[in-house]
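Residues per chain are reported as follows:
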Amino acid sequence: MVMHRFKEKDEPFHSGEVYHLWSYLYQVKTSLVSLQIFINHSVDHDFRVLVEDLLESCFTQESEQIEGILKEAGIRLPPSPPDRPNVDQHDIPAGAKFNDNELAILVQNELMAGRILANTVISVALREDIRDLFTECINQRMEYEQKILHVMKQKGWLVLPPINIK
């Protein structure tokens, strides 16, 4: 058996890594647009600030890091949906508007979906730098999930399942 020794950055990507990096970046770019829409719908100041921070500090940062990795490897980037313009919440008709408690659940879903994909990338990645990057992505998403959960509890938006008392 022939063993190849590469420096981390010089290791070529295998097809699974390429596919999952590309897919993850596509999901992040789609989530960026979803978060822009959620920000437009949000009325609660604290929640809105949290989602804006999430967009800039987590999703935008992940997008830039993964884009850089794919560009450096010469891999074509996935398409980006167009950014959404800022809209005043009062311009959105009542029947078409999300409530903040609904938005909180949608943001949690975006974070959880990303964690699942990040775990998939980690499971197929052979390069330690990629594994480390996605471990950091998971940790950052978990921190934001905790912050959202805290806001949901604080605002009374958390719906608890029935308690089983036997």
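Nothing here was measured: the structure is a model prediction, and the numbers come from that model.

(A) Local environment of the nonpolar core. With 37 residues, the main nonpolar core has Phe 47, Val 107 and Phe 134 as its most contacted residues. Setting aside residues up to four positions removed in sequence, Val 107 forms contacts with Leu 35, Phe 38, Phe 47, Val 51, Leu 54 and Ile 148.

(B) The arrangement of helix α1 (residues 15-41) in detail. With 27 residues, α1 should reach 39 Å at 1.5 Å per residue; the first-to-last C-alpha distance of 39 Å fits that figure. Counting buried residues in α1 gives 19 out of 27 residues, a clear majority hidden from the surface.

(C) Spotlight on the environment of Glu 17. With respect to the secondary-structure elements, Glu 17 resides in helix α1. Setting aside its immediate chain neighbours within four residues, Glu 17 contacts Pro 12, Val 124, Ala 125, Leu 126 and Arg 127. Here Arg 127 takes part through its backbone nitrogen, which lies 3.3 Å from a polar atom of the side chain of Glu 17.

(D) Representation of the packing of helix α2 (residues 45-72) against helix α3 (residues 100-124) in the model. The N-to-C vectors of α2 and α3 enclose an angle of 15°; their axes lie 11 Å apart at closest approach. Relative to α3, α2 is oriented roughly parallel. Our pair here, α2 against α3, has a crossing hand that is left-handed. Contacts between α2 and α3 pair Phe 47, Val 51, Leu 54 and Phe 59 from the former with Asp 100, Leu 103, Ala 104, Val 107 and Leu 111 from the latter. For the contact of α2 with α3, a count of residues per class yields eight nonpolar, no polar and one charged.

(E) Representation of the side chain of Gln 36 within the structure. Along the chain, Gln 36 falls in helix α1. Here the side chain of Gln 36 touches Arg 84 through a polar contact of 2.8 Å, landing on its backbone nitrogen. Residues contacting Gln 36, with those up to four places away along its chain left out, are Leu 55, Asp 83 and Arg 84.

Definitions and limits used
Residues numbered from 1 in each chain as written. Predicted model: local features only at pLDDT ≥ 70, side-chain atom pairs only at ≥ 80, totals over all residues. Heavy atoms only, no water. Core = buried A, V, L, I, M, F, W, Y, C linked by side-chain atoms within 4.5 Å. Buried < 20%, exposed > 50% of the residue type's maximum accessible area, 1.4 Å probe, protein only. Contact = heavy atoms within 4.5 Å. Helix = DSSP H or I, 4+ residues; strand = E, 2+ residues; numbered from the N terminus. Expected span 1.5 Å × (residues − 1). Polar contact = N/O pair within 3.5 Å; in protein donor to acceptor, adjacent residues only side chain to side chain. Axes fitted to C-alpha atoms, helices over the stretch in contact; angles between N-to-C directions. Parallel < 35°, antiparallel > 145°, perpendicular 65-115°, else oblique. Left-handed = near helix turned anticlockwise from the far one by under 90°. Nonpolar A, V, L, I, M, F, W, Y, C, P; charged D, E, K, R; others polar.

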